[in-house]
Amino acid sequence: MNKVDWYDIIKRPLLTEKSNSFENLGKYVFIVNSKSNKLQVKKAVEQIFNVKVAKVNVINMDGKAKIFKGRKGKRSSYKKAIITTKDKKKIEFAKGI
């Protein structure tokens, strides 16, 4: 990537019941580009949301096998990142993305 667009690295926040419970700990979950690494994710979150990132954990999620109307298929695989902010700083999703 020559010219880095931060919005190409961070696709969207993952808003689930479990990820909402992480917010009290200063942790936020995002779906990120599958080719990005921890340093790129850290810089993107710091630039977009103006917070300091303490730690980044990255997980490759495999697509789930499904059957729909008798046909076998598979959901898309994706990469998610769990971001820990310094000092449990809040991230407002409506402002950044």
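Just so it is clear, the model here is predicted, and its values are computed rather than measured.

Reading guide: rules and limits
- Residues numbered from 1 in each chain as written.
- Predicted model: local features only at pLDDT ≥ 70, side-chain atom pairs only at ≥ 80, totals over all residues.
- Heavy atoms only, no water.
- Pairing = 2+ DSSP bridges.
- Helix = DSSP H or I, 4+ residues; strand = E, 2+ residues; numbered from the N terminus.
- Axes fitted to C-alpha atoms, helices over the stretch in contact; angles between N-to-C directions.
- Contact = heavy atoms within 4.5 Å.
- 1 Å grid on protein atoms, 1.4 Å probe; cavity = no way out; pocket = protein on both sides within 12 Å on 5 of 7 lines; lining within 4 Å.
- Points joined across faces, edges and corners; volume = space filled by probe spheres on them.
- Nonpolar A, V, L, I, M, F, W, Y, C, P; charged D, E, K, R; others polar.
- Buried < 20%, exposed > 50% of the residue type's maximum accessible area, 1.4 Å probe, protein only.
- Expected span 1.5 Å × (residues − 1).
- Arc of directions from axis to C-beta.

**Describing the sheet that holds strand E1 (residues 10-13)**
In step 1: As summarised here, the arrangement of the 4 strands in space is E1-E2-E6-E3, forming an open sheet in which the pairing is antiparallel. Here the strands that pair on one side only, and so sit at the sheet edges, are E1 and strand E3 (53-61). Along the sheet, successive strands turn relative to each other by an average axial angle of 30°, direction set aside.
In step 2: Along the sheet, helix H3 (residues 38-49) makes contact with E1, strand E2 (27-32), E3 and strand E6 (78-85), crossing E3 at roughly 125°.

**Quick look at empty space enclosed by the protein**
In step 1: Tallied over the entire structure, the rule returns 1 cavity of 30 Å³ or more.
In step 2: What the largest cavity holds in volume is close to 40 Å³.
In step 3: Elements represented by at least two residues in the lining of the largest cavity include exactly helix H2 (17-22) and E2.
In step 4: The dominant element in the lining of the largest cavity, judged by the number of residues it contributes, is E2, at 3 residues.
In step 5: Across the lining of the largest cavity, the residue classes break down as 5 nonpolar, 2 polar and 2 charged.

**Considering the pairing of strand E4 (residues 65-68)**
In step 1: Across 4 bridges, E4 lies against strand E5 (residues 71-74) in antiparallel orientation. Residue lysine 66 lies in a different strand from E5, and its bridge partner there is glycine 73.
In step 2: Connecting E4 to the next strand, E5, in antiparallel fashion are 2 residues, including lysine 69 with a positive phi near 50°.

**Topic: the environment of aspartate 8**
In step 1: Summarising the element assignment, aspartate 8 is placed in helix H1 (residues 6-9).
In step 2: Look at aspartate 8 and you get partly exposed, because its relative accessible area is 46%.
In step 3: Residues aspartate 8 and alanine 44, spaced 36 residues apart in sequence, show a C-alpha to C-alpha distance of 9.1 Å.

**As for H3**
In step 1: An ideal rise of 1.5 Å per residue puts 16 Å on 12 residues; H3 measures up with 16 Å between its terminal C-alpha atoms.
In step 2: Among all positions in H3, only Val41, Ala44, Val45, Ile48 and Phe49 are buried. Here the buried residues of H3 occupy an arc of 95° about the axis, which is enough to place them on one side.
In step 3: Just beyond H3, the residue with positive phi is asparagine 50, at close to 55°.

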